[in-house]
Amino acid sequence: MAWPPASHRAQFLLGFREAFPALVATGTWGLVTGIAMVKSGMSETLATVMTLAAYAGSAQLTSLPLLNDGVPLWLIFAAGFVVNIRFIIFGAALQPYFRHFSWPRRLGLGAFMSDIGFVMFMGRYGEARERGDPLQIWYYLGVVGPGWLIWNVCSIIGVYLAAAIPASWSLEFAAVLALLSVVIPLVSTRPVAVCIVASAITAWLGQGLPLRLGLAAAVLVGILAGVLSERYMDKVQRT
């Protein structure tokens, strides 16, 4: 395989530099997930396999109480699907950028997608007129590749250090703060702010729903609120 051209390497490094601050949040969340799996009674070996195979912190955390309760396997998969249903929306948004690839390559690119990776990629190329440019793909790889690596490394560290970490450290709260430090600077327009507020309210109201349906509802309501807000602002500007 030939070494990538200098322009492609530059885009990869640009993506890595812009994603670097978010790696703190990614690593913290992975560490918390690794600890949670072992604390729930899962063996270190099984927790490591789950981390490497799933790469989905929210789905992993959702499945833990269901596994402990011995619920049917189909229900565990259904819960994971509901929690990660947002990635269907992410995939549809990214399709114009990846559609020229074969389906195995698209599947591989999608497997590394994360919430932060999607937000950063769309923040840079969401309004691009030309989609599918190789430079965009290399930027994407520079964002999601290091995130995947840091997530798995920190999650495995959490798996094997879980016994030595006391529950009083409240790492779950630290992970939330780390994620907020990444999300808040991205609130640069009114539609984005409306989207976040609508999602937060919906998620708070939906806490009691089973299978974390409140999270799925928050995603859908946030997207709808953002789209409607953007259309309203465009209408006001035209008039």
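Residues numbered from 1 in each chain as written. Predicted model: local features only at pLDDT ≥ 70, side-chain atom pairs only at ≥ 80, totals over all residues. Heavy atoms only, no water.

Notes on the side chain of Arg 86
Phase 1: With respect to the helices and strands, the residue Arg 86 is situated in helix H6 (residues 86-98).
Phase 2: Each residue touching Arg 86, except ones within four places of it in the same chain, is listed here: Ser 58, Asp 115, Leu 215 and Val 219. (Helix = DSSP H or I, 4+ residues; strand = E, 2+ residues; numbered from the N terminus. Contact = heavy atoms within 4.5 Å.)

Details of the side chain of Ser 155
Phase 1: By the secondary structure assignment, Ser 155 is in helix H9 (residues 134-161).
Phase 2: Relative accessible area serves as the criterion here: at 0%, Ser 155 is assigned to the buried category.
Phase 3: Within the structure, Ser 155 has its side chain in polar contact with the backbone oxygen of Gly 30 (distance 3.5 Å).
Phase 4: At a separation of 3.0 Å, a polar atom in the side chain of Ser 155 contacts the side chain of Thr 51.
Phase 5: With residues near it in sequence (within four places) discarded, Ser 155 still touches Gly 30, Leu 31, Gly 34, Met 37 and Thr 51. (Buried < 20%, exposed > 50% of the residue type's maximum accessible area, 1.4 Å probe, protein only. Polar contact = N/O pair within 3.5 Å; in protein donor to acceptor, adjacent residues only side chain to side chain.)

Digging into the environment of Met 113
Phase 1: Relative to the helices and strands, Met 113 is located in the loop between helix H7 (103-111) and helix H8 (115-125).
Phase 2: For the pair Met 113 and Val 144, spaced 31 residues apart in sequence, the C-alpha separation works out to 6.2 Å.
Phase 3: When sequence neighbours within four positions are dropped, the list of residues in contact with Met 113 reads Tyr 55, Phe 87, Phe 90, Leu 94, Phe 118 and Tyr 140.

Quick notes on the pattern of salt bridges
Phase 1: Tallied over the full model, the rule gives two salt bridges.
Phase 2: Across the pair Glu 18 and Arg 124 runs a salt bridge, and its minimum N-O distance is 2.5 Å. Here Glu 18 is found in helix H1 (residues 6-19), whereas its partner Arg 124 is found in helix H8, with 106 residues between them in sequence.
Phase 3: Look at Glu 18 and you get partly exposed, because its relative accessible area is 27%.
Phase 4: For Arg 124, a relative accessible area of 38% puts it in the partly exposed group.
Phase 5: In this structure, Asp 115 engages Arg 86 in a salt bridge whose closest nitrogen and oxygen atoms are separated by 2.6 Å. Within this pair, whereas Asp 115 is found in helix H8, its partner Arg 86 is found in helix H6, the two being separated by 29 residues in sequence.
Phase 6: Overall, Asp 115 belongs to the partly exposed group, its relative accessible area being 31%. (Salt bridge = Lys/Arg side-chain N within 4 Å of Asp/Glu carboxyl O.)

Considerations on a nonpolar patch on the surface
Phase 1: On the surface, Leu 149, Val 153, Ile 157 and Leu 161 cluster together into a nonpolar patch covering about 330 Å² of accessible area.
Phase 2: Following the sequence through the fold, Leu 149 ends up in helix H9. (Patch = residues over 30% accessible without salt bridge, like charges linked within 9 Å, V, L, I, M, F, W, Y side chains within 5 Å. Areas by Shrake-Rupley, 256 points an atom, 1.4 Å probe, with all protein chains shown as cover.)

Topic: unusual backbone geometry
Phase 1: A positive phi angle, near 50°, is found at Tyr 55, a position not held by glycine.
Phase 2: Counting through the fold element by element, Tyr 55 comes out in the loop between helix H3 (44-54) and helix H4 (57-69).
Phase 3: For Tyr 55, a relative accessible area of 14% translates into the label buried.

Digging into the confidence of the model for the chain
Phase 1: For the chain, the mean per-residue pLDDT works out to 82, and 89% of the residues sit at or above 70.
Phase 2: Confidence, read as mean pLDDT per element, is least for helix H10 (residues 171-183) in the chain (61) and greatest for H9 (91). (pLDDT = per-residue confidence, 0-100.)

Section: the nonpolar core
Phase 1: Counting residues in hydrophobic clusters, the biggest one holds 20 residues, and the most contacted among them are Leu 94, Phe 98, Phe 121, Tyr 139 and Tyr 140.
Phase 2: At the level of elements, H1, H6, H8 and H9 are the ones that each hand at least two residues to this core.
Phase 3: The contacts of Phe 98, once residues within four sequence positions are left out, are Arg 106, Leu 109, Ile 137 and Tyr 140.
Phase 4: Counting 10 residues, the second largest nonpolar core, distinct from the first, contains Met 42, Leu 64, Val 159 and Ala 162. (Core = buried A, V, L, I, M, F, W, Y, C linked by side-chain atoms within 4.5 Å.)

Here's the deal with the packing of H4 against helix H5 (residues 73-83)
Phase 1: Between H4 and H5, the shortest axis-to-axis distance is 9 Å and the interhelical angle comes to 150°. By the angle between their axes, H4 is roughly antiparallel relative to H5. For the crossing formed where H4 meets H5, the hand is right-handed. Within the contact between the two elements, H4 uses Ser 58, Ala 59, Thr 62, Ser 63, Leu 66 and Leu 67 and H5 uses Leu 75, Ile 76, Ala 79, Gly 80 and Val 83.
Phase 2: Considered class by class, the residues forming the contact of H4 with H5 number seven nonpolar, four polar and no charged. (Axes fitted to C-alpha atoms, helices over the stretch in contact; angles between N-to-C directions. Parallel < 35°, antiparallel > 145°, perpendicular 65-115°, else oblique. Left-handed = near helix turned anticlockwise from the far one by under 90°. Nonpolar A, V, L, I, M, F, W, Y, C, P; charged D, E, K, R; others polar.)

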